[in-house]
Amino acid sequence: MKRREFLITTAGALATPALLRPGFAQEAEVTLKLHHLLGPQAPAHTQMLEPWVRSIEEDSGGRVKIDIYPSMSLGGAPPQLVRQVADGVVDIVWTVNGYTPGLFPRSEIFELPTIFTNDIVATNLAMRELFDEFLAPEYEAMHVLFNHVHAGQALHMAREPVHTVADTRGKKLRVPGPTGNEVVKAMGATPVTMPVPDLPQALSTNAVDGALIPWEIIPALQLQDVTDYQIEGPNMTRFGTTTFQVSMNKARWESLPDDLKEVFAKNSDEEWLRQVAQIWRDGDDKGIQIAVDAGNEYIVLTEEEMDTFNEALAPVVDKWIADHTDFDAAALAEAAKAAIANNAS
């Protein structure tokens, strides 16, 4: 907890309106607050959100200024970010869809194993491609600037290795949201839902035996110190993924002049989604190297071992379709598979 308190305190010091960034000659026409859950050292902050903000500010010629507030430094807990942006408490959020269960059921399809395996680019582009036709109804309370996924759920185990699905039975595994619950249940384990900042303490106190989360978060949370094993399938195959959104308050968006809306659109386009995918892939590579360098065992499952998981997880998509009767879940599942395949890198 001392580390977490330090990060929050540090974030509060950093999250001043000035943000120590070079100013523009003219005064900003629009000043926005971007709120998110991770600390200022996290790759999502330093490699994705900060460059995105700088690019928007520069392309606007200084007319837009975006102050980033990490570590929930404007108050509240991560599950409240969606409500904060919908209500206009903040202007923009970056958040995990699964932290607000039930609000983004259509987007969940992209999180499921066998739908997402390991292609971040294809999944980012598929979400964008299908947004208007399938996903838009669940984002009516805000204006989505872009959705993305991370490199996928890998297994981090505190004290016991995992090689087949039999090894996960009876374990308590952290998950980010409802789709992770179904994945873990299919593994025969008990899901424990929690925001990612709470994970190090949960691992160190045996509140969970392991977690489903990508490698990139390892350095930000120092997970190499509270785990002994990192496990994924062959060819970087993962056990599903997590969907994220960067969204703006709808009224704030509608108040922007058209040329500034175009600045945001330009900086949130398909090329940006490809860059986001590479950012998360690079962060993943660095994260696993840190764990290995710290002496952790990096386990890549064989095809046969991965098949035990695939067999157990195959019914997860069928259950998701059966559980969602208020929209054509089967059609969305097929469209998602096709869009990911069409955009495969």
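Notes on the structure in this doc start here.

When helices and strands are tallied, the protein chain shows 13 helices and 11 strands. For 345 residues, the compact-globule estimate of 2.2 N^0.38 gives 20 Å, and the protein chain sits close to it at 20 Å. Principal-axis analysis of the C-alpha atoms gives the protein chain an extent of 60 × 45 × 30 Å. When the 345 residues of the protein chain are sorted by exposure, 56% land in the buried category. Intrachain contacts of the protein chain at a sequence separation of at least 6 include 78% that bridge at least 24 residues. In the form shown here, the protein chain has an accessible surface area of approximately 14,100 Å², with 50% of it arising from carbon and sulfur atoms. The centroid of the 27 positive side-chain charges in the protein chain is displaced by 6 Å from the centroid of its 49 negative side-chain charges.

Quick look at the sheet that holds strand β1 (residues 30–36) now. Spatial ordering of the open sheet is given by β2-β1-β3-β10-β4, a layout of 5 strands whose pairing is mixed. The open sheet is flanked by β2 (64–69) and β4 (142–149), the only strands paired with a single partner. The mean angle between the axes of side-by-side strands here comes to 20 degrees, regardless of whether they run parallel or antiparallel. In the packing of helix α2 (residues 43–59) onto the sheet, contacts are made with β1, β2, β3 (92–96), β4 and β10 (243–249), and the angle to β2 comes to roughly 165 degrees. Strands β4 and β10 of the sheet are contacted by helix α4 (residues 120–135), whose axis makes an angle of about 155 degrees with β4.

What follows covers the packing of α2 against helix α9 (residues 258–266). In contact at an axis separation of 9 Å, α2 and α9 are set at 145 degrees when each is read in the N-to-C sense. Every pair of crossing elements has a handedness; the one defined by α2 and α9 is right-handed. On the side of α2, the interface is formed by Trp52, Ile56 and Asp59, while α9 contributes Val263, Phe264 and Lys266.

As a further point, take the environment of Leu74. Checked against the element boundaries, Leu74 lands in the loop between β2 and α3 (81–87). Classification of Leu74 by relative accessible area gives partly exposed; the value is 34%. Remark: the alpha-carbon pair of Leu74 and His35, spanning 39 residues in sequence, is separated by 7.1 Å. Residues in contact with Leu74, not counting those within four places in the same chain, are Lys33, His35, Tyr69 and Val90.

Time to look at the side chain of Glu108. Structurally, the position occupied by Glu108 is in the loop between β3 and α4. Although Glu108 is buried, it makes no salt bridge; Lys319 carries the closest opposite charge, 9.5 Å away. Excluding its chain neighbours within four sequence positions, the residues that come into contact with Glu108 are Pro178, Thr179, Trp320 and His324.

Axis separation between α4 and helix α10 (residues 270–293) bottoms out at 8 Å; the angle between their running directions is 145 degrees. Viewed along their axes, α4 and α10 form a crossing whose handedness is right-handed. Across the interface between the two elements, Ile120, Val121, Asn124, Leu125 and Arg128 of α4 pack against Glu270, Leu273, Arg274, Val276, Ala277, Trp280 and Arg281 of α10. By residue class, the composition of the contact of α4 with α10 is 7 nonpolar, 1 polar and 4 charged.

Here we come to a nonpolar patch on the surface. Judged by side-chain polarity, Val292, Tyr298 and Val300 come together as a nonpolar surface patch covering roughly 220 Å² of accessible area. Here Val292 is to be found in helix α10.

Now for the sheet that holds strand β5 (residues 154–157). Strands pair in a sheet through their backbones, by hydrogen bonds, and they do so in one of two ways: parallel or antiparallel. One open sheet holds the 6 strands; their spatial order is β7-β6-β8-β5-β9-β11, and the pairing between them is mixed. Lying at the two open borders of the sheet, with one neighbouring strand each, are β7 (190–193) and β11 (297–300). Between one strand axis and the next, the sheet turns through 25 degrees on average, direction left out of account. Across 2 bridges, strand β6 (residues 172–175) lies against strand β8 (residues 210–213) in parallel orientation. Within β8, the position partnered with Leu173 by the bridge is Gly210. Each of β6, β7 and β8 touches helix α5 (residues 178–186); the most contacted strand, β7, lies at about 155 degrees to it.

Calculation notes
Residues numbered from 1 in each chain as written. Predicted model: local features only at pLDDT ≥ 70, side-chain atom pairs only at ≥ 80, totals over all residues. Heavy atoms only, no water. Helix = DSSP H or I, 4+ residues; strand = E, 2+ residues; numbered from the N terminus. Rg over C-alpha atoms; globule rule 2.2 N^0.38 Å. Buried < 20%, exposed > 50% of the residue type's maximum accessible area, 1.4 Å probe, protein only. Contact = heavy atoms within 4.5 Å. Areas by Shrake-Rupley, 256 points an atom, 1.4 Å probe, with all protein chains shown as cover. Lys, Arg positive; Asp, Glu negative; His and termini not counted. Charge placed at Lys NZ, Arg CZ, Asp CG, Glu CD. Pairing = 2+ DSSP bridges. Axes fitted to C-alpha atoms, helices over the stretch in contact; angles between N-to-C directions. Left-handed = near helix turned anticlockwise from the far one by under 90°. Salt bridge = Lys/Arg side-chain N within 4 Å of Asp/Glu carboxyl O. Nonpolar A, V, L, I, M, F, W, Y, C, P; charged D, E, K, R; others polar. Patch = residues over 30% accessible without salt bridge, like charges linked within 9 Å, V, L, I, M, F, W, Y side chains within 5 Å.

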